Amino acid sequence: MITYIEQGVSVLVGLEKGSDKTTQIVSLVQLLLDPWYRTFYGFQSLIQKEWLRFGHKFEERLGQAKGNQKERAPVFLLFMDCVWQLLM
């Protein structure tokens with residue numbers, strides 16, 4: 001995939017039933033490939049673009065919302081841990 005991106009070819013990433021995981025993977029790839037996303041403002045725009053505007057269900061995934069606990073999956077926290085691991 002990275003070879004295609006380096007050549008300027010568009011890449012479509014899609015997973016079965018996994019819009020959260022897709023967002024996580026796409027965000028990590030952008031962090032690795034584009035140094036601007038590794039700046040404070042770049043990281044902020046990445047979160048806004050890929051997580052907030054995409055409509056990630058933070059309350060439900062973190063188990064804060066009342067309702068179906070089957071929706072609980074801390075994908076954003078896993079993403080943040082991946083970012084921390086990259087920094088270390």
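Residues numbered from 1 in each chain as written. Predicted model: local features only at pLDDT ≥ 70, side-chain atom pairs only at ≥ 80, totals over all residues. Heavy atoms only, no water.

A. Broad picture of the side chain of Thr-23. Mapped onto the elements of the fold, Thr-23 is located in helix 2 (residues 19-33). Among residues more than four places away in sequence, those in contact with Thr-23 are Glu-50, Trp-51 and Phe-54. (Helix = DSSP H or I, 4+ residues; strand = E, 2+ residues; numbered from the N terminus. Contact = heavy atoms within 4.5 Å.)

B. Region of the structure containing the environment of Cys-82. Structurally, Cys-82 is set in helix 5 (residues 75-87). Residue classification places Cys-82 among the partly exposed positions, given a relative accessible area of 24%. Taking the C-alpha atoms as reference points, Cys-82 and Gln-24, 58 residues apart in sequence, are found 9.5 Å from one another. (Buried < 20%, exposed > 50% of the residue type's maximum accessible area, 1.4 Å probe, protein only.)

C. Structural view of the packing of helix 2 against helix 5. Put simply, helix 2 and helix 5 touch, their axes get as near as 10 Å, and they point 20° apart. With respect to each other, helix 2 and helix 5 are oriented roughly parallel. Crossing hand, helix 2 versus helix 5: right-handed. Touching Asp-20, Lys-21, Gln-24, Ser-27, Leu-28, Leu-31 and Leu-32 of helix 2 are Val-75, Leu-78, Phe-79, Cys-82, Val-83 and Leu-86, all from helix 5. The class makeup of the residues in the contact of helix 2 with helix 5 is nine nonpolar, two polar and two charged. (Axes fitted to C-alpha atoms, helices over the stretch in contact; angles between N-to-C directions. Parallel < 35°, antiparallel > 145°, perpendicular 65-115°, else oblique. Left-handed = near helix turned anticlockwise from the far one by under 90°. Nonpolar A, V, L, I, M, F, W, Y, C, P; charged D, E, K, R; others polar.)

D. Highlighting the side chain of His-56. Within the secondary structure layout, His-56 lies in the loop between helix 3 (40-52) and helix 4 (58-61). What His-56 contacts, discounting residues up to four positions off in sequence, is Asp-20, Trp-51, Arg-61 and Phe-76.

E. Molecular detail of the packing of aromatic side chains. In total, this model carries six aromatic pairs according to the counting rule given. Between Trp-51 and Phe-76 the ring centres are 5.0 Å apart and the planes differ by 80°, which places this aromatic pair in the edge-to-face class. Of this pair, Trp-51 sits in helix 3 while Phe-76 sits in helix 5, and the two are 25 residues apart along the sequence. The burial state of Trp-51 is the same as that of Phe-76; both residues are buried. (Phe/Tyr/Trp six-rings, centres within 6.5 Å; stacked < 30°, edge-to-face > 60°.)

F. Spatial organisation of helix 5. Under the 1.5 Å per step criterion, the end-to-end length of helix 5 is 19 Å for 13 residues, consistent within 8% with the ideal 18 Å. Every buried residue belonging to helix 5 is among Val-75, Phe-76, Phe-79 and Val-83, and all of these are buried. Down the axis of helix 5, the buried set is contained in an arc of 105°. They therefore lie on one face. Buried residues belonging to helix 5 abut helix 2, helix 3 and helix 4. (Expected span 1.5 Å × (residues − 1). Arc of directions from axis to C-beta.)

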